[in-house]
Amino acid sequence: SCLEASACHGNHLFHLGCAKMAPTLEEVWGEYEQKMTNETKAAQDAFKYNLGVLLSGKSVMIPDSDLKGVDDVHRYENITNTPNAKYLSQTVILKLNGGLGTGMGLDKAKSLLMVTGGCSFLDLIAKQVASMKKQYNTDLRFMLMNSFSTSADTLEALAKYRDLGTGSDLEFVQNKAPKV
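The following paragraphs examine the structure supplied in this document. (Residues numbered from 1 in each chain as written. Predicted model: local features only at pLDDT ≥ 70, side-chain atom pairs only at ≥ 80, totals over all residues. Heavy atoms only, no water.)

1. With respect to the overall build of the protein
Piece 1. Along the backbone of the protein there are five helices and seven strands.
Piece 2. Helices and strands appear in the protein in the N-to-C order α-β-β-α-α-β-β-β-α-β-α-β.
Piece 3. Out of the 180 residues in the protein, the part that is buried amounts to 28%.
Piece 4. Sequence separation of 24 or more characterises 60% of the internal contacts of the protein that already satisfy a separation of 6 or more.
Piece 5. Looking at the protein as shown, the accessible area adds up to about 12900 Å², and 55% of this sits on carbon and sulfur atoms. (Helix = DSSP H or I, 4+ residues; strand = E, 2+ residues; numbered from the N terminus. Buried < 20%, exposed > 50% of the residue type's maximum accessible area, 1.4 Å probe, protein only. Contact = heavy atoms within 4.5 Å. Areas by Shrake-Rupley, 256 points an atom, 1.4 Å probe, with all protein chains shown as cover.)

What follows is the structure, encoded as structure tokens:
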């Protein structure tokens, strides 16, 4: 029945589209709040809000009729701006480096998979950034958005690329949220 499908089972809330029978946020929040005691208040508040929306059954989809096409897109080939390396000192290369790897059965960051010549994806990225820094003689910044699962092994792998930065200069970690 709908009521059985929308009950809290173990550590996961199963909600199969029966909004009238779904538990309320107040009924389930305590369990999730306990799992988030080490997270920031902002992370807890954001998760609580999103969980409330999920449990409400409200649609979060944007109807196709509300979408508007772009009238004019400049073609890359037609851009006439002259490249200027001075802007690189005001630029941060930001790479997403966390998410879904553990769900795929990996025990490390996907970027640490070897791809060619004994190099991982992360090695290739680090070498690309180092090459740009050298070529344009600039302090181009590089950061990773890591997950709690990818932070340690990624920072360890990047330790050999000291010119990229270390620790908080090199990464920020996504919030950790319980599975729903």
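2. Points about the packing of helix 2 (residues 25-35) against helix 3 (residues 41-56)
Piece 1. Where helix 2 meets helix 3, the axes come as close as 11 Å, and the angle between the chain directions of the two elements is 145°. Pair helix 2 / helix 3 crosses with right-handed handedness. Where helix 2 approaches helix 3, its residues Leu-25, Val-28, Trp-29 and Tyr-32 are matched on the opposing element by Gln-44, Phe-47, Lys-48, Leu-51, Gly-52 and Leu-55.
Piece 2. Tallied by class, the residues present in the contact of helix 2 with helix 3 amount to seven nonpolar, two polar and one charged. (Axes fitted to C-alpha atoms, helices over the stretch in contact; angles between N-to-C directions. Left-handed = near helix turned anticlockwise from the far one by under 90°. Nonpolar A, V, L, I, M, F, W, Y, C, P; charged D, E, K, R; others polar.)

3. A word on the sheet that holds strand 7 (residues 171-173)
Piece 1. The sheet built from three strands is open, its strands ordered 3-6-7 with parallel pairing. Each of the sheet's edge strands pairs with one partner strand only, and the pair in question is strand 3 (92-96) and strand 7. Taken pair by pair, the neighbouring strands of this sheet meet at an average axis angle of 20°, ignoring direction.
Piece 2. By the bridge criterion, five bridges tie strand 3 to strand 6 (residues 141-146) in an arrangement that is parallel. By the bridge assignment, Lys-95 is partnered in strand 6 with Leu-144. (Pairing = 2+ DSSP bridges.)

4. Some remarks on helix 2
Piece 1. Turning to helix 2, its buried residues number three or more, namely Leu-25, Val-28, Trp-29 and Tyr-32. All buried residues of helix 2 project into a common sector of 120° when viewed along the axis, lining one side. Among the exposed residues of helix 2, those pointing more than 90 degrees away from its buried face are Glu-26, Glu-27 and Gln-34. (Arc of directions from axis to C-beta.)

5. Re the environment of Val-92
Piece 1. The topology assignment puts Val-92 in strand 3.
Piece 2. When its relative accessible area of 41% is taken as the criterion, Val-92 is described as partly exposed.
Piece 3. Placed 47 residues apart in sequence, Val-92 and Asp-139 show a C-alpha to C-alpha distance of 9.7 Å.
Piece 4. Once you skip the residues sitting within four places of it in the chain, Val-92 turns out to touch Arg-141 and Met-143.

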